[in-house]
Amino acid sequence: MNAFHVLTCGFNRALWPYLPQWAYFKIFWRDWCHHTKFELFEKYGDVICAVSPGGVTIYVGSVEVVRQMYERRSDFPKVTKVYEYVRFYGDNVLTLEGVEWRRHNKYTRPPFNEAVHKVVWEEGVKQAHTALNVWSRKNSCVKVGRDLRTISMNVLSLSNFGVALPFDYESETTEHFGQKNIPPGHRMSYGNAVNHVLDNIIALVITPKWLLRNGPESLKKTGQSYEELGLYLKELIQNHGKAGSSDRKNLLRSLVKASTGDGLGKGSGLTDTEVIGNAFIFAVAGLETTTGTLHYAVMYLALNPDVQDWLYKDLQEALKDEDQDPSKWEYEKVYPKMASVLCVIHETLRLNAPHMHIPKWTADKYQPVNWKGKQCLIPPGASTYITITALHYNPFLWGDTVKEFQPQRWDLRSSVGWVHTDPRTGIKAPTTPSETPWTETQSAPYCHLRTPVKGAFAPFSDGWRACVGKNFALVEMTAVLATLFRGCSVRIKRQEGETQEMADNRGKSAISNSESYLTIMIRHDVELEWVRR
Ligand code: HEM
């Protein structure tokens, strides 16, 4: 990571209101991609090179170059240093490269299969159904972001670890993440520990351990949540296989089987710290990303009643032969009919991909790349970031409505499309799945969705290091959104004296004022009103 960049990000942010709006400074803004979208790439070209005393950083927004980077895996390895902050329980599949990554990947990838997706679907539907009953009873929900995080955490906990957590609707405070059921030997619930670690992850990384134990109350609580979460993860692993524990084939089982014990002579298995490190990354990696995406999706729908109507009609049609009680919806039968929900999810991920950059670098060699008919050399040691926001906001690929929330653009049945030819590269976005089929599956519901040109849409990254939880996340988010929107509508709740337009403007600023800690997210919850249709 470029230390100079980190420093200037903070510096620029403080001076932001007083500085002239030069592009140079914009690149060093925190979350500059979220604020500028394609603007700088439009002005300076779709590959931007930032040279600073900290090193060379290249931001790649060119589909042509991005494809080469994904294809040449060993020429553009991952910058593992970027993930230093999620290594504190132990190395894991996200923080490693090369042979070490392969050793971890061998045990962590196989549990993500259709049997687990079925559990994800059922739990997603169940959690969302409970949440909706609470929200619609109260006619509003003050903290939808917080409740969506509870839903995601509970789905992850059951699917990966076999531990069922209820959506606790009795309490209205943040302490409601299972706080009432603190098990013996603990000072905090599992849910509270996860949330506190996630919300204070930077403090955890930069604060010395002694200060976490003896510092001010807020730091002590952060230190306590770190210790508590570590303890919960250790207990999960130690108790696996004992009477009463789940015997499902899941991530936990795979990690326990891989465990070689104390770490000496790890061979092809995983040491104790690596097992805990992986348990941690899977407890949190899918949490921020799915919670954030669900939150954006609900907000975009609240701001676009016409899209809600389109989604509602499609859900009515898709579910017309299904039971009124969503807990009876079978994964194998219902998920393939959820094309419109997936359109909403894809459009949300296009507008607000949780990871704005995919960090790669050139390691110790010059790397040639073809760019606009020329061969260019990228120097050794250069951070080469695939800038997802630039790809997703490129009007040459997505059309004039690139900044709009328009899920129908993904739907093959709709006349709204994105057929565009980039005049510079000649790359054309196809309109039918037969031109560029989905690589992993052409089965329903994906076959009803338009396919963007390869490299233009990559919220889950691509190639070898693509997200292992992609299908898990898609199934979970579909289950939650289908359950919420098949019988309800939502809008931003008006405050006293406000028109709907004024309320909607608050919703829009909550989206544009998103901030990234681990991933980009809406940080200020806006009150929503849920109404039964
Ligand atoms: C909306 C949901 C999600 C998005 C957008 C997303 C996105 C991503 C991206 C872009 C990467 C690559 C990061 C990089 O190369 O630096 C990644 C990796 C990863 N994701 Fe996800 N993710 C999501 C959900 C999940 C879920 C649900 C899980 C697990 C339950 C998960 C587990 C992981 C892991 C373990 C990796 C590292 C894989 C490796 O390096 O081999 N993600 N994700």
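What counts and what doesn't
- Residues numbered from 1 in each chain as written.
- Predicted model: local features only at pLDDT ≥ 70, side-chain atom pairs only at ≥ 80, totals over all residues.
- Heavy atoms only, no water.
- Helix = DSSP H or I, 4+ residues; strand = E, 2+ residues; numbered from the N terminus.
- Contact = heavy atoms within 4.5 Å.
- UniProt positions renumbered as here; feature names shortened; annotations may be inferred.
- Buried < 20%, exposed > 50% of the residue type's maximum accessible area, 1.4 Å probe, protein only.
- Core = buried A, V, L, I, M, F, W, Y, C linked by side-chain atoms within 4.5 Å.
- pLDDT = per-residue confidence, 0-100.
- Axes fitted to C-alpha atoms, helices over the stretch in contact; angles between N-to-C directions.
- Parallel < 35°, antiparallel > 145°, perpendicular 65-115°, else oblique.
- Nonpolar A, V, L, I, M, F, W, Y, C, P; charged D, E, K, R; others polar.
- Near = heavy atom within 4 Å.
- Polar contact = N/O pair within 3.5 Å; in protein donor to acceptor, adjacent residues only side chain to side chain.
- Phe/Tyr/Trp six-rings, centres within 6.5 Å; stacked < 30°, edge-to-face > 60°.
- Lys NZ or Arg CZ within 6 Å of the ring centre and 35° of its normal.

A. Spotlight on the overall build of the protein chain. Counting its secondary structure elements, the protein chain contains 21 helices and 10 strands. Long-range contacts, defined here as pairs at least 24 residues apart, represent 71% of the contacts in the protein chain between residues at least 6 apart.

B. Just the UniProt feature "binding site: heme" (unreviewed entry) in the protein chain, in detail. When the UniProt feature table is mapped to this numbering, "binding site: heme" (unreviewed entry) covers Cys467. Judged by relative accessible area, Cys467 falls into the partly exposed class, the value being 35%.

C. View of the nonpolar core. Grouped together as the largest cluster of nonpolar side chains are 153 residues, with contacts concentrated most on Trp121, Phe280, Phe485 and Trp530. Counting residues per element, this core draws most heavily on helix α14 (residues 272-303), which supplies 18 residues.

D. Region of the structure containing the confidence of the model for the protein chain. When pLDDT is averaged along the protein chain, the result is 85; 84% of the residues meet or exceed 70. Both confidence scores are given for the complex: pTM 0.91, ipTM 0.99.

E. Seen up close, the packing of helix α9 (residues 190-199) against α14. Two elements in contact, α9 and α14, have axes separated by 11 Å at closest approach and are oriented at 70 degrees. By the angle between their axes, α9 is roughly perpendicular relative to α14. Two secondary-structure elements touch here, α9 through Tyr190, Val194, Val197 and Leu198 and α14 through Phe280, Ala283, Val284, Leu287 and Glu288. Grouping the constituent residues of the contact of α9 with α14 by class yields eight nonpolar, no polar and one charged.

F. Layout of the packing of helix α15 (residues 305-318) against helix α17 (residues 339-351). Where α15 contacts α17, the two axes come as close as 8 Å, and the packing angle between them is 150 degrees. In terms of axis orientation, α15 runs roughly antiparallel to α17. Of α17, the residues touching α15 (which contributes Trp310, Leu311, Asp314 and Leu315) are Ser340, Val341, Cys343 and Val344.

G. Here's a closer look at the site of the ligand. Near the ligand, the surroundings consist of 29 residues, among which Lys78, Tyr83, Trp101, Arg465 and Cys467 are the closest. Contact distances for the ligand include 2.8 Å between an oxygen atom and a side-chain N or O atom of Trp101. At a separation of 2.8 Å, an oxygen atom of the ligand approaches a polar side-chain atom of Arg465. Considering every element that reaches the shell around the ligand, the biggest residue donor is α14, with six residues. Taken together, the residues that form the shell around the ligand break down as 18 nonpolar, eight polar and three charged.

H. Geometry of the packing of aromatic side chains. The tally for this structure, following the rule as stated, stands at 23 aromatic pairs. Centroid distance Tyr89 to Tyr226: 4.8 Å. Interplanar angle 20 degrees. Geometry classified as stacked. One end of the pair, Tyr89, is in the loop between α5 (63-71) and α6 (98-108); the other, Tyr226, is in helix α12 (residues 217-239), with 137 residues separating them in the sequence. Neither Tyr89 nor Tyr226 differs from the other in exposure class; each is buried. Members of the aromatic cluster, joined through ring pairs, are Trp32, Phe38, Phe41, Tyr59 and Tyr385. Note that Arg350 overlies the ring of Trp398, its terminal NZ or CZ placed 5.2 Å from the centroid. Positioned above the aromatic ring of Tyr312, the side-chain terminus of Arg533 is 4.2 Å from the ring centre.

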